[in-house]
Amino acid sequence: MRQQCVLEGVEATVERKVQENRKPRTLDGESEAKLVMLACSKPPEGHAQWSLKLLSDKWVEREIVDTISTETVRRSLKKTA
């Protein structure tokens, strides 16, 4: 940090760097809220409860997103507890 402070200045040392290679989020806050509403609703006929695969398939079927992984669905639902 001391070397960075001397070479780049105090501001560059204190502030975070912009992450250039970061992939944009699949779901924003509004989409996550809709996902939670879907997960809390009644599951489709023939199923006792929603699975991550069912939720991701339904999300693509409703054309809210082009593709979504079950892991993304899991992480979004885990945040809401």
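Since the structure is predicted, the reported quantities are computational estimates derived from the model, not experimental observations. Residue numbers here run from 1 along each chain, matching the order of that chain's written sequence. In keeping with the predicted nature of the model, local features appear solely for residues at pLDDT of at least 70, side-chain atom pairs appear and are counted solely at 80 or more, and the whole-chain, interface and lining totals rest on all residues. For the side-chain quantities, the full set of heavy atoms in the structure was used; hydrogens and water were omitted.

Some remarks on the overall build of the chain
No. 1: A helix here means a DSSP run of H or I that spans at least four residues, while a strand means a run of E at least two residues long, and both kinds are numbered starting from the N terminus. Assigned secondary structure in the chain consists of 5 helices and 0 strands.
No. 2: Along the three orthogonal principal directions, the C-alpha set of the chain runs to about 65 × 25 × 20 Å.
No. 3: Throughout, exposure labels follow a simple rule: accessible area from a 1.4 Å probe, protein chains only, divided by the maximum for the residue type, with under 20% read as buried, over 50% as exposed, and the rest as partly exposed. Each of the 81 residues in the chain was classed as buried or not, and the buried ones make up 19%.
No. 4: A contact between two residues is defined here by any heavy atoms of the two lying within 4.5 Å. Restricting to contacts in the chain with at least 6 residues of sequence separation, those with at least 24 account for 40%.
No. 5: The protein chains shown are the only cover counted for residues, whose accessible areas, like all others here, come from Shrake-Rupley with a 1.4 Å probe. For the chain, the exposed area adds up to about 7,000 Å²; of that, 50% sits on carbon and sulfur atoms.
No. 6: When charges are counted, Lys and Arg are positive and Asp and Glu negative, with His and the chain ends excluded. Lysine's charge is taken at NZ, arginine's at CZ, aspartate's at CG and glutamate's at CD. Taking the average place of the 15 positive charges on the side chains of the chain and the average place of its 13 negative ones, the gap between the two points comes to 6 Å.

Concerning helix α4 (residues 52-61)
Helical geometry: 3.6 residues make up each α-helical turn, so side chains three or four residues apart lie on a common side.
No. 1: Buried within α4 are the following residues: L55, S56 and W59. Looking straight down α4, one finds its buried side chains confined to an arc of 95°; they lie on one side. Exposed side chains of α4 directed beyond 90 degrees from the buried face belong to K53 and E61. Think of the arc as the fan of directions from the helix axis to the C-beta atoms.

Observations concerning helix α3 (residues 29-40)
No. 1: In this scheme, a helix's expected span is set at 1.5 Å multiplied by one less than its residue total. Across its 12 residues, α3 extends 17 Å between first and last C-alpha, which sits within 8% of the 16 Å expected from 1.5 Å per residue.
No. 2: Every buried residue belonging to α3 is among S31, E32, L35 and L38, and all of these are buried. Buried residues in α3, looked at end-on, bunch into an arc of 120°, giving them a common side. For α3, exposure combined with an orientation more than 90 degrees from the buried face picks out G29, E30, M37 and C40.

Let's talk about the confidence of the model for the chain
Low-confidence regions, as indicated by low pLDDT, have predicted coordinates that should not be scrutinised in detail.
No. 1: Here the chain averages 86 in pLDDT, while 98% of its residues score no lower than 70.
No. 2: Here pLDDT means the predictor's own confidence in every residue, given as a number from 0 to 100. For the chain, helix α2 (residues 10-14) is the element with the lowest average pLDDT, namely 82, and α4 is the one with the highest, namely 90.

Digging into the pattern of salt bridges
No. 1: Any Lys or Arg side-chain nitrogen located within 4 Å of an Asp or Glu carboxyl oxygen qualifies as a salt bridge. Going through the model one piece at a time under the given rule, you end up with 6 salt bridges.
No. 2: Among the salt bridges present, the one from R25 reaches E32, with a minimum N-O distance of 2.9 Å.
No. 3: For R25, a relative accessible area of 60% gives the class exposed.
No. 4: A residue is classified by how much of its surface remains accessible, and E32, at 15% relative accessible area, is buried.
No. 5: A salt bridge links R75 to E71, with the shortest nitrogen-to-oxygen separation between them at 3.7 Å. One end of the pair is R75 and the other is E71, both in helix α5 (residues 70-80) and 4 residues apart, which spans about a single turn.
No. 6: Using a relative accessible area of 46% as the deciding quantity, one classes R75 as partly exposed.
No. 7: Beyond isolated ion pairs, a larger network of salt bridges with shared partners links E71, R74 and R75.

Overview of the nonpolar core
No. 1: We define the nonpolar core as a collection of buried residues of types Ala, Val, Leu, Ile, Met, Phe, Trp, Tyr and Cys that are connected through side-chain atoms lying within 4.5 Å of one another. Grouped together as the largest cluster of nonpolar side chains are 9 residues: L27, L35, L38, W50, L55, W59, V65, I68 and V73.
No. 2: For this core, the elements supplying multiple residues, two or more each, are α3 and α4.
No. 3: Apart from the residues within four sequence positions on either side, W59 is in contact with L27, S31, K34, L35, L38, I64, V65 and I68.

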